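Each chain is listed here by its residues.
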Amino acid sequence: MAPSNLSHRQTHNLLLISKLLSLRDTASPLTLLLDSLEQPATPLIHEYIRRARLSKVHVTLVAFETLRSFEGVDAFISARKKHPSEIVKEVGAAYQPASNVPSRRRLILIDSINPLLRSKKTDSQFHLPAFLGSFIAPPGSSLAKVETSLIVTFHQDVPTPLCGTPYSPSSFSVLSYLATTVIKLHSFSHILAQKAARDRSLAAPVFGLEEELNGVLLGRLDKPTGKESVVGIVLEMEHRRKSGRGVLEWYVLPPAARYPSNYAKEIVILLDDHPLYRPPMEPDIGMESSEPESTFELRLTERQRREREGVVLPYFDAQQGDGPGEGGRILYDMGEEDDFDEEEDEL
């Protein structure tokens, strides 16, 4: 890829992740966060809440696993052991914008959708797309327009229940199909360990449940490396535009301890630009000359170069057509040692 095109792509993707995390223009009505035991989605959820507070966006947290509300949440709704219809009513009643406000923005966070998918409160009539759509576009007319962004967290390590019929798609497939943005979270230390193995042409290591080992999971490798420490999370983003074209990119989100809560500048960087993932190349003083070292001189002097350029090769006359070559015919003078054969000459 040309340097200009690469720079344009990097700038475009940085603006895109900033737009998605800041909830500008409702770029993604439904965002699916895929986390695991190795890398929970809590740091990214806190980043969403922090940016929502800076933009004065109303934040509603629908908690299936969270016991206490996060800082910056305007409405906390405990959804444990509740029917989906009750959850929808409580979420709708938690935010009633004033009629004189032309447009308001709202962020709805679901800390984990897995308990709802396995809940006994959901009957055979439960329809996941309709349930999620009731948050983005609630039924009934409203005088004030509300731009709602829904963020759903799905735990990849939790087994999903089997479908009622063998031809029905799984809940994860339905969520992946409905989401306009899918963000898969990775541990930064795991990404660095896998890259180091690939650079040495070795098999990439596995962590967590993929290790298939008994005992306590010890997959986190957040240890200092030189002057930098392996902290932060890696975001593997897939954004789907209205045209159908997808945008794939990898980012690094630094920990919240490195910047204040009211910090307005962009903190997310591309994974390729991180110094630990792709360290800068140090100039080698000893590699100034590209020619190999030898005991004799391999380069030509100026006089030898002029004499070489002055040599007229035979095919030059054949190309020009005005030399003794007569248009490319091979000229050969027979000597005494040559045996003349009429049959060969006729051929």
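Residues numbered from 1 in each chain as written. Predicted model: local features only at pLDDT ≥ 70, side-chain atom pairs only at ≥ 80, totals over all residues. Heavy atoms only, no water.

The name an unreviewed UniProt entry assigns to the protein is Elongator complex protein 5, from the organism Aspergillus lentulus. Here the protein is described in UniProt, under the heading Pathway (unreviewed entry), as follows: "tRNA modification; 5-methoxycarbonylmethyl-2-thiouridine-tRNA biosynthesis." (UniProt positions renumbered as here; feature names shortened; annotations may be inferred.)

A. Expanded view of the overall build of the protein. On a plain count of helices and strands, the protein comes out with 10 helices and 11 strands. For the protein, the residues scored as buried account for 33% of the 347 residues in total. By element, 53% of the accessible surface of the protein is carried by carbon and sulfur atoms, the whole surface being about 23,100 Å². (Helix = DSSP H or I, 4+ residues; strand = E, 2+ residues; numbered from the N terminus. Buried < 20%, exposed > 50% of the residue type's maximum accessible area, 1.4 Å probe, protein only. Areas by Shrake-Rupley, 256 points an atom, 1.4 Å probe, with all protein chains shown as cover.)

B. Highlighting the packing of helix α3 (residues 84-93) against helix α5 (residues 128-136). Two elements in contact, α3 and α5, have axes separated by 10 Å at closest approach and are oriented at 10°. Taken together, α3 and α5 sit at an angle that is classed as roughly parallel. In this structure, α3 contributes P84, I87, V88 and V91 to the contact, and α5 contributes F131, S134 and F135. Of the residues assigned to the contact of α3 with α5, the class counts are six nonpolar, one polar and no charged. (Axes fitted to C-alpha atoms, helices over the stretch in contact; angles between N-to-C directions. Parallel < 35°, antiparallel > 145°, perpendicular 65-115°, else oblique. Contact = heavy atoms within 4.5 Å. Nonpolar A, V, L, I, M, F, W, Y, C, P; charged D, E, K, R; others polar.)

C. Up close: the pairing of strand β1 (residues 30-35). The element β1 is largely enclosed, with a buried count of six among its six residues. Here β1 shows no split at all, with L30, L32 and L34 on one side and T31, L33 and D35 on the other all buried. For β1 and strand β5 (residues 145-155), the ladder comprises six bridges, and the chain directions are parallel. Each residue of the ladder has a partner; that of D35, found in β5, is H155. Note that β1 and strand β6 (residues 181-187) share four bridges and pair parallel. Within β6, the residue paired with L34 across the bridge is K184. (Pairing = 2+ DSSP bridges.)

D. The arrangement of the nonpolar core in detail. Counting residues in hydrophobic clusters, the biggest one holds 31 residues, and the most contacted among them are L33, L44, Y48, L107, L109, L235 and M237. Put simply, the parts of the chain that give this core at least two residues each are α1 (3-21), α2 (42-54), β2 (58-63), β4 (103-110), β6, β9 (233-240) and β10 (246-253). Residues in contact with Y48, not counting those within four places in the same chain, are L20, L21, L23, T31, L107, I151 and I183. Counting 25 residues, the second-largest nonpolar core is a separate cluster that includes L30, I87, L132 and L175. (Core = buried A, V, L, I, M, F, W, Y, C linked by side-chain atoms within 4.5 Å.)

E. Structural detail: the side chain of R51. Structurally, the position occupied by R51 is in helix α2. The residues touching R51, leaving out its near neighbours within four places in the chain, are S18, L21, S22, E266, I267 and V268.

F. Spatial organisation of unusual backbone geometry. Even without a glycine there, the phi angle at D25 is positive, about 60°. You can see D25 is positioned in the loop between α1 and β1. Classification of D25 as exposed rests on a relative accessible area of 62%.

G. Inspection of the environment of R50 at higher detail. Residue placement: R50 occurs in helix α2. For the pair R50 and E71, spaced 21 residues apart in sequence, the C-alpha to C-alpha distance is 8.7 Å. Polar contacts involving the side chain of R50 include one to the main-chain carbonyl oxygen of Y263, which spans 2.7 Å. (Polar contact = N/O pair within 3.5 Å; in protein donor to acceptor, adjacent residues only side chain to side chain.)

H. Examining the packing of aromatic side chains more closely. A full pass over the atoms with the stated rule returns three aromatic pairs. Measuring from ring centre to ring centre gives 5.7 Å for F126 and F131, while their planes differ by 55°; the resulting arrangement is tilted. Note on F154 and F172: the rings are 5.3 Å apart at their centroids and 35° apart in plane angle, and the pair reads as tilted. One end of the pair, F154, is in strand β5; the other, F172, is in helix α6 (residues 171-178), and 18 residues separate them in sequence. Assessed through its relative accessible area of 4%, F154 is described here as buried. (Phe/Tyr/Trp six-rings, centres within 6.5 Å; stacked < 30°, edge-to-face > 60°.)

I. Representation of the pattern of salt bridges. Tallied over the full model, the rule gives 11 salt bridges. Here the residues in one salt-bridge network are E47, R50, R51 and E266, joined through shared partners. (Salt bridge = Lys/Arg side-chain N within 4 Å of Asp/Glu carboxyl O.)

J. Local environment of the packing of α5 against α6. Orientation of α5 relative to α6, taken along the N-to-C sense of each, is 40°, at an axis distance of 10 Å. With respect to each other, α5 and α6 are oriented oblique. Crossing geometry of α5 relative to α6 is assigned as right-handed. On α6, the residues touching L128, P129 and L132 of α5 are S171, V174, L175 and L178. Class assignment of the residues belonging to the contact of α5 with α6 gives a composition of six nonpolar, one polar and no charged. (Left-handed = near helix turned anticlockwise from the far one by under 90°.)

K. Geometry of the side chain of S18. Among the structural elements, S18 can be located in helix α1. A residue is classified by how much of its surface remains accessible, and S18, at 12% relative accessible area, is buried. Look past the residues within four positions of S18 in its chain and what remains in contact with it is R24, R51 and E266.

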